[in-house]
Every structure is written in C-alpha cells, then in structure tokens.
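Topology and contacts: notes
Here is what each chain is made of, one letter per residue.
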Amino acid sequence: MRSTESAQNVKPFATLRTPAGPVPAEAPAWNPQRGSAMPFHRYLPAHARVPLPPVDTLPGGRQWPARRVDRAPLWVPVDLRDGNQALAEPMDPARKRRMFDLFLAMGFKEIEVGYPSASRTDFDFVRHLATTPGAVPEDVTVVVFTAARADLIERTFASVEGLPRVVVHLYTATAPVWRDLVLGRDRAQVRELVTAAAERMARLAGDRPGLRFQFSPEVFNLTEPDYVLELCDGLTELWDASPDRPVIHNLPATVEIATPNVYADQIEYLHRHLARREAVILSVHPHNDRGTGIACAELALLAGAQRVEGCLFGNGERTGNVDLATLALNLHTQGVDPMVDFSDIDEIRRTVEHCNRLPVPERHPYVGDLVHTAFSGTHQDAIKKGLAHHAATAARLGVPERQAPWDVPYLPIDPADLGRDYEAVIRVNSQSGKGGIAYLLQTGHGLELPRRLQIEFSRVVQESTDDSGREVTADELYGLFAATYLDAAPRRELVNWRTGQGDERGQGDGRAQGDGRHWASLVIGGAVHRGEGNGPLAAVTAALGAAGHAVDILHFTEHAVRTGPDSDAVAYVEARVDGQVVWGAGRDASVLDAGIRAVLSAVGRAGVAPAGPAPTGPAVEVGQDGAMTDDTSLPGRSRAVADALAAAGLPGEIRVLPDSARTAAEAAAALGCEVGAIANSLVFICDGAPLLVMTSGAHRVDTDHLAHALGTGPITRATAAQVREATGQAIGGVAPVGHPAPLRTVVDTALAAHELLWAAAGHPHTVVPMTYKELLALTGGTPSTVAPPQG
Ligand SMILES: CC(=O)SCCNC(=O)CCNC(=O)[C@H](O)C(C)(C)COP(=O)(O)OP(=O)(O)OC[C@H]1O[C@@H](n2cnc3c(N)ncnc32)[C@H](O)[C@@H]1OP(=O)(O)O
Ligand SMILES: CC(C)C(=O)C(=O)O
Ligand SMILES: [Mg+2]
C-alpha cells in the first residue's frame, strides 16, 4: 500500500470471488446463497467414476446400516511403511525400532514394518528384527510390503529369512485410471501381472510355516467391484487359502473419493461375495482425503471388515492414513474394549512426534493439547457440575472415580483414562463464566466459592480478561481473588483486633467465661471500638457499629482449604454494609480470624473507611493473632522487634508510618491517638548499667524522682552511643524489646490510664500497639511513677 488512504480503499479479501451467481429458483426463502465461481464442473461424482456395487438388490438388502461394532478388529499399524513413505525425512533405524517397540507396548499383534525392497534402511530393519533375539515377541506377526515385480519380490523374501511369523503383502493398482495411465495394462494384463507375482511368492514361500499372504488391489474404491472379486478370488485359490492359513484381502480407499456410505457398500459387496470367505481376512485401509477416513473405517467394520490398517494420529500420504488412535478410542467410548492401550497417550504422542518429526495438532481427537479443554462458560459450568456428579456417583457406588461410569457433559472420555489429569480441562479466558472460574479456584487452590460470590467474581475476571485478551491461569485467578477480596480489609486504618469471651481483660485466651457472651475490640486509627454479641462475628459487627458502620451479615460460609490440621480456613461473607450489599472473603490459619477477615473484607469492599484518621500513606501491619503480615518490608531492626514480640506470644502489629515518629507528638499525630498513649522508650544510666524507662508521652522523666522511687543511685541520661550499644537501636526508634541483651526496665504507671499504647518498634518510622499489661509482661518491667504527680 502506498498510503493509508489507498489501503482503506482496497476491498478486503480482494483475491476472493464472493459468490454472485443466481440464487437457485428452487431455493427456499431462508437460504439466500448464490452460485459461486468455483470450477466444480471439472469433477465427476464417485458414481460417475466407478460402477457402484448393487448392494441394495442383494438378498435382505444392504445390511451395514443396522449393524453395530461390538468388538475391536485386528489393528495393523502401517506407520513404518505407509506413514514412513510420506515423511520428508523417513525414519532412521533407531526411530523405526522405537516406534516398533511402542506398538509392542501398546499391544499391537500385527505390524507392517517396511518396504524392504525399496531401501537399504527398510531391508536392514527387517533383518534387524529377524536376527535380534526377542525383538519380535512370539504372538506378533510382521508384515512386509512389495510391488508386483520379480526383483522386488525376491528381495522381500530375502529380507524375511528367519522371521517365524510374517505376512508378505503384495499390491498393484487396479483402478481404470491407474491401469491405463500408470501401468499401461488392461484388465487382463494387470491380472497377469498380479498372478505372476503371486505365483512367484508362492514358489518362494514353499511350505514355509508361519508365512502368509496379503493382497491389496490399490485404489480399490475406484475399481470395478467385479474386477476386484475376480482378482481376489483368483489369489485365494492360487495361494490355497484356508481357515488355518487365511489370506488377507486388503481393500484400500487409497484416495478417498466418496461419502463413507459408498465405501461401506463396496466393502459389504465384497464381504458377501468373496469366495472361501472363511479363508479370507477382510481388511480395510482408508486414507483421509475427504476428511472421512474414520467414518469410512467405522462403516467398513459394520459392513464386514475384520482388520484395519492405519497410522497413529493419522500420519500418511497427503491428509494421511486413517488414525488408529481415534478408531480405537472411539470403540473405548462406546464401551467396547479397544484391545490396545492408550493409558499414557502423551507418551505415545511424544514417541510418534519424535519418530515422524511431525507435530500432532492441538485439536486432534483424544490427544491434542486442547481437546479435553473447555474455555466457554456454559461448557465449563456443565463440566464442573458433571465432575461433581461423577464424584458423588463413585462415592455412592463405593468405587474409585476412575472406575465409575462416565457421563460428564462435553467430555466424551475421562481424560484420566488417557493418563491426562484434569488440570487442562477447564481454562479461563474472556469466553468463560463462573463455573470454570470456580472450578479452577477449587481444584487449583481449594476455594469453594458460594454461588453468588462466583457470579460476582466472574465479572471481575471478565473485566480482566477483556482488558488483557489473554487466558488466566488458576494461580492468576487466585491472585485476582486475593486482591479483590482477601486483601480488601481496610488495612490502612484497621490496626488490630481482638476477640474473646467473658472478661475482656482476659485478653482473648479463648476460654469460655461468664455468660458466654463474646466481645470484640477493633483498633482503628488509634481509636478502640468495642462490641459484644453472642458470637465472635456478632461481636465484631457490633464493634464496627460502634465505629459508625451498620454491618448486617446476610450469608456466611467457611471451609478448610486442604484437609489436615494445619490447613488454612477461608470464610466468605455476604454483608449489608451501610446499606450496600457486598461480598468479602478472609483466609487465616485460625477459623475465627478467617471469619473476621471476611467481615472486614466486606467493609473494605463497601468502600467505607472505618472511623479514624484518613490514611496518610502506605502502611503495613505486622503481627500475630489477627494481624496482617508483610514483614519483609520492615526495617531490619524492626524485624528483630517483631520476632521478640512473636517469641513473647504477644499480639501486635508493627506499623510503618510514612513520616518519622521520633517524638511522642509526631507519633500521636500520625496515629490519631492521645500523646499520653505513646510509650516513649528512654534509656538512662543507673548504677553503671543501662535502664530503660517506658514513659508516657504526656510527661518527662524526673530522674531524681525515679531514683528515689526505685531506691537507686543517681540516674543520668544515656548518650547516643550508649543508647545504641544498649539497645542496638537509634534514639527515636528504641523499642521495649529486641535488644542485644535484656535491659532493666521501668514502666511508667501513667500509661495504665490508656486503653492502647504505642511504642516505637526499633526504627523511627515504626510503632507497635499494646496494652499496659502487655508492656509489663513483655519487658518484665517494674511499674513506677516516673515524675511527681502534677498539680
Ligand atoms: C499406495 C501406496 O502406498 S503404494 C506404495 C508406494 N510406496 C513407495 O513407492 C515407496 C517405496 N518405493 C520405492 O522406493 C521405489 O518406487 C521402488 C524402489 C519400489 C521402485 O523404484 P523404481 O524402480 O525407480 O520405480 P518407480 O519408483 O519409478 O515406480 C514406477 C514404476 O513402477 C511401476 N509400478 C507401480 N506400481 C507397481 C506395482 N504395484 N507393481 C509393479 N509395478 C508397479 C510403474 O508402472 C512404473 O513402471 P515403469 O517405470 O515401467 O513405468
Ligand atoms: C495398501 C496400499 C496399497 C496402500 O497404501 C494404499 O492403497 O493406500
Ligand atoms: Mg496407503
């Protein structure tokens, strides 16, 4: 294109000739298709190319349509010959052997191994099988292929010397066009060619046991039926076939030319007319030019065929030979034993791809990467329900799921039968719905979302996949779920919670006391909100009510993520928060905390900030017992404090403040609490040793008063170096714990007046909440006044 403008003027798909002919006069009004410019007139239909057998006039008429396939035919893989001759790079000996061994492992009993007169590789491979002890098991027959030429036949027989069970397979094209154009012989002359070759084969075979004959009238499907009969019956007689030493007549659709019913008629005609029928194995060899190779083979079995030649996954000339894997698995899914094994179809595919150096397409029946996968929402929904029903049926019958009858919508076969797992069954993209999403979260992450939450979350996923245009994995879905629900609690404002029974001062030891009422205490932005109820969640919603949010729980479920005692719990809450109905979810090692997190998640998702100062920047809360943890982002000294808190079994979250909290006033401002609730960690030297004084931010330490109260010698302020040496922390960030060695500590009794205290946590930007009681327990400190009473 020279310019954008000219590009815009070009008709799209200008190389196509959109049909513009007349609408046929007889076409119904609902079909507006027009006559095309395709040169279809150049081709003749099958019935004009070959006389079709008069099957419908036979006694009883055509029989194949009413029959059923109830057993597997003798399968004969021809990959090492027909498949091999279609490869750009024919198989080397190692590849041939690998494929041969694959066939043995799968249970094939008759295997065409090559065209030994065609190449040294093929000849040597047959010799290799003949001379390698154990290469061909006792119940396996190899087939070798030859044209009707004396030199080729001689060499073929030379190749099979020493093989105990062998079929020599003779072929000659018999259809009029081949007779005329390729062989330059008429019917009688072709018959002579075939007869001469067959006689030679009989002579070379002599009375050798274990050697049998096969004949293929190549392009059978374009050959006159009476001529095929003449040739086949002639060979049956010439080779003196008997039920003990049957001849194989193999009737190829060398190039597909007609609908499969035509092939079925041709096979039924031969089946019902062949002489010494009990001495004949009727074999078929469909190719796939019209894409109906499978249908041809299946209808041929209905019509009397007993043996099928084909290739694994359909390799072969042009569009390939019929695919034996599909044929066998089609039987399997009809409840018929395929008599070959596909229990690790991916290993089979890998081997075939290696040997053929050709990929198997993603949509190939049974084996393609995408064939046990559903992207679309309604299919996923049906599969999910079907799999759940399947599990329930297996449980009801008391059998493993792999043994239970299979009837799952959209999955014609249990992928497990083929060695596939269920991972790839459901994949999520913009075409997917709640069922598939819920399935992936369930199988990948153990989440069992309630139905209405599935619906809500599927919209979140839809938005994401619409934006990206991409598939999302189970892990990505979990990430999205976590970001949407699990992380939705108002983390910046909510600092801590506690719940318990009985006396709140029991501090949530979980033991039932008193009247069995529960209490909850939420610390939001420095303010404490309490609530009571007849259960922990009721207490939490009451506490939220105290914080100014009307929270009504409409639906609550929770479950363990995995089985086992160390499993996390996940809770889902549908709640009305200040008039808005929202879902929330929480996950925690504690069942109780998972529920609380779920309630808080709903509050967070309702977009209402609990009362307290507006967040001034990112904050990370750390702690145990209902704390949200992200301690990797803590300064190193604060992590030591977090460890010390954890070791003391203290609930508490280290919070990172955006600005320095070096002074009590700064910290109180950042936290929205009273300055008196700030527990300053001040270091002094007393009797030659450091003394830590946890002092209320409301006043200063009077060292004389303190020395007097403690009955010690003089107390002096420590230098910055002494502070660092004693605490390992810098002035402004000294914490009550986390020091290189325990410090003698005094706790200012003025702090007891405050519900919740805040102490520095090892760094000027970090603080940690605790009660007065906890501070005493944590430090092992001595309660004392630190200044004379005021006023
Ligand atoms: C449908 C099928 O799959 S048929 C199997 C096809 N497979 C192969 O061809 C793979 C292996 N083939 C080969 O390596 C070679 O063709 C060989 C070695 C067998 C023979 O090679 P060449 O002697 O060079 O012959 P070429 O490959 O040109 O074959 C054509 C000749 O075979 C004749 N021919 C074809 N089919 C047959 C047959 N079934 N019986 C006897 N002669 C035949 C043709 O009439 C032609 O003869 P012409 O040269 O006198 O006209
Ligand atoms: C069986 C032989 C002749 C063959 O491969 C075919 O006709 O396709
Ligand atoms: Mg073929």
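Residues numbered from 1 in each chain as written. Chains lettered and ligands numbered in written order. Predicted model: local features only at pLDDT ≥ 70, side-chain atom pairs only at ≥ 80, totals over all residues. Heavy atoms only, no water.

Examining the UniProt feature "binding site: Mg(2+)" (unreviewed entry) in the protein chain
Which entries qualify depends on this criterion: UniProt positions are given in the numbering used here, feature names are shortened, and annotations may be inferred rather than shown by experiment. Here a helix means four or more residues in a row that DSSP labels H or I, a strand means two or more in a row labelled E, and each is numbered from the N terminus. Residues count as neighbours in contact if any of their non-hydrogen atoms are within 4.5 Å of one another. Here a polar contact is recorded for every N or O atom pair within 3.5 Å, except that within protein the pair must consist of a potential hydrogen donor and a potential acceptor, and residues adjacent in sequence are included only if both atoms are side-chain atoms.
The UniProt entry lists Asp-82, His-285, His-287 and Asn-321 under the feature "binding site: Mg(2+)" (unreviewed entry), expressed in the numbering used here. The named residues occupy 240 residues along the chain; their greatest pairwise C-alpha distance, 10.4 Å, places them in one compact cluster. Along the polypeptide, Asp-82 turns up in helix α3 (residues 79-83). The contact partners of Asp-82, leaving out residues within four places of it in the chain, are His-285, His-287, Gly-316, Glu-317 and Asn-321. Polar contacts involving the side chain of Asp-82 include one to the side chain of Gln-85, which spans 3.3 Å. Looking at the element boundaries, His-287 is found in the loop between β7 (280-286) and α11 (293-302). Non-local contacts of His-287, meaning those with residues more than four positions away in its chain, are made with Asp-82, Ala-253, Thr-254, Glu-256, Gly-293, Glu-317, Arg-318, Gly-320, Asn-321 and Val-322. From its side chain, His-287 meets the backbone oxygen of Gly-320 in a polar contact 3.2 Å long.

Points about a nonpolar patch on the surface
For clarity, the threshold we go by: Residues form patches when they are more than 30% accessible in relative terms and have no salt bridge. Like charges link within 9 Å. Nonpolar side chains (Val, Leu, Ile, Met, Phe, Trp, Tyr) link within 5 Å. Residue burial considers only the protein chains on display, and all accessible areas are found by Shrake-Rupley using a 1.4 Å probe. Every case where a carboxyl oxygen of Asp or Glu lies within 4 Å of a side-chain nitrogen of Lys or Arg is listed as a salt bridge.
On the surface, Val-177, Leu-181 and Val-182 cluster together into a nonpolar patch covering about 320 Å² of accessible area. Relative to the helices and strands, Val-182 resides in helix α7 (residues 176-183).

With respect to helix α9 (residues 225-238)
For clarity, the threshold we go by: Multiply 1.5 Å by the residue count of a helix minus one, and that product is the helix's expected span. A simple rule labels every residue: compare its accessible area, found with a 1.4 Å probe on the protein chains alone, to the largest value its type can have, and call it buried under 20%, exposed over 50%, or partly exposed in between.
The first and last C-alpha atoms of α9 sit 20 Å apart over 14 residues, in line with the 20 Å expected at 1.5 Å per residue. Of all the residues in α9, the buried ones are Pro-225, Tyr-227, Val-228, Leu-229, Leu-231, Cys-232, Leu-235 and Thr-236. Directly beyond the C-terminal end of α9, a positive phi value near 50° is found at Asp-240.

Observations regarding the coordination of the magnesium ion (ligand 3)
The condition that has to hold: Shown as donors are all N, O and S atoms within 2.8 Å of a metal ion, widened to 3.2 Å for Na, K and Ca; because water is not in the atom set, sites may appear incomplete.
Each protein donor to the magnesium ion (ligand 3) is listed here as Asp-82 (OD), His-285 (NE2) and His-287 (NE2); together their distances run 1.9 to 2.2 Å. Sequence positions of the residues that donate to the magnesium ion (ligand 3) give the spacing D-x202-H-x1-H. Judged by its relative accessible area of 4%, His-285 falls in the buried class. What makes His-287 buried here is its relative accessible area of 3%.

Considerations on the sheet that holds strand β12 (residues 551-560)
To keep it simple, the criterion reads: Following DSSP output, two strands are said to pair if at least two bridges run between them. Axes here mean lines fitted to C-alpha atoms, for a helix over just the part in contact, with angles spanning 0 to 180 degrees between N-to-C directions.
The strand order across the open sheet formed by three strands is β12-β13-β14, and the pairing between neighbours is antiparallel. Taken across any chain shown, the strands that pair with only one partner, and hence form the sheet edges, are β12 and β14 (580-588). Mean inter-strand twist for the sheet, computed between neighbouring axes without regard to direction, equals 15°. Running at roughly 100° to β14, helix α16 (residues 451-468) makes contact with β12, β13 (569-577) and β14 of the sheet. Of the strands in this sheet, β13 and β14 touch helix α17 (residues 474-486), which is tilted by about 115° from β14.

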